[in-house]
Every structure is written in C-alpha cells, then in structure tokens.
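# Structural overview
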Amino acid sequence: MKFAVAFAAILALALAAPVDEKDAQVLKYDNDVAADGYSFQYDTSNGIKAQEKAELKSFGDDVSALVVRGSFSYTAADGQVYTVNYVADENGFQPEAAHLPQA
C-alpha cells in the first residue's frame, strides 16, 4: 500500500512538472477543411491551446474572402495564463485580451 501511495505521489509530481518547450507534445488536434472554410483546434503538453474557424463571406458581385475567428492561450513564465481572442475580417486583424493595451 505504501508503494502505491509513493508511486502515485511521484507520478503526480512528474505530471505537474513544467514541460520544456522543445519537448512539448501535441495532446489534441482536430481539423476540418472545406471549400467554403476551415476549422482547427489543438492543445499541447506545455499548456498552449488554440482554435480557429474561417468561413467564406461574400462582399459583393465578385468579391469574397475568409472571415476568421479564433483564440489562443498559453502559460507565461510568471505562471499566468494569457488568452487572446481575435477576428480577422474586412476590418483587419482585431485581437482582444485583458493584457493587451486598449486604443
């Protein structure tokens, strides 16, 4: 029984240890590509997460472009998780995040 408790404690410490960036592994990855857009999402073992979705939008007679919405997050060296949400459309790239300066 003591061995099982000790093993569980060591395993918990190993899993909680920070992962070196060069040794990070992809834990989850999904993507879908279609003629009128795409989507993807992934998570890595070093705490990076991202997701994005693009849809084809018509702006007039023969003008179409992708409108992209997404977000990403990561854990900084200070231990805080930073998240950025964004839209890229006819108005350009528009990021929003608590840690970014406001115009």
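So, here is what we can say about the structure in this document. (Residues numbered from 1 in each chain as written. Predicted model: local features only at pLDDT ≥ 70, side-chain atom pairs only at ≥ 80, totals over all residues. Heavy atoms only, no water.)

### Brief notes about the overall build of the chain
Regarding its fold elements, the chain presents 1 helix and 6 strands. A buried classification covers 16% of the 103 residues belonging to the chain. Counted over contacts in the chain with a minimum sequence separation of 6, partners at least 24 positions apart contribute 14%. (Helix = DSSP H or I, 4+ residues; strand = E, 2+ residues; numbered from the N terminus. Buried < 20%, exposed > 50% of the residue type's maximum accessible area, 1.4 Å probe, protein only. Contact = heavy atoms within 4.5 Å.)

### So, the pattern of salt bridges
All chains considered together, the criterion is met by 2 salt bridges. For the salt bridge of lysine 53 with glutamate 55, the shortest nitrogen-to-oxygen distance reads 3.9 Å. A salt bridge links lysine 57 to glutamate 90, with the nearest nitrogen and oxygen atoms 3.4 Å apart. Of this pair, lysine 57 sits in strand β3 (residues 49-58) while glutamate 90 sits in the loop between β5 (81-89) and β6 (92-96), placing them 33 residues apart in sequence. Residue class for glutamate 90 comes out partly exposed when judged on its relative accessible area of 44%. (Salt bridge = Lys/Arg side-chain N within 4 Å of Asp/Glu carboxyl O.)

### Here's the deal with the pairing of strand β2 (residues 37-44)
Bridging between strand β1 (residues 26-34) and β2 involves 8 bridges; their strand directions are antiparallel. For aspartate 32, the partnering residue across the bridge sits in β2 and is serine 39. Once β1 ends, the chain turns through 2 residues before running back antiparallel as β2. As paired strands, β2 and β3 are joined by 7 bridges and run antiparallel to one another. Residue pairing across strands places aspartate 43 opposite lysine 49, the latter belonging to β3. (Pairing = 2+ DSSP bridges.)

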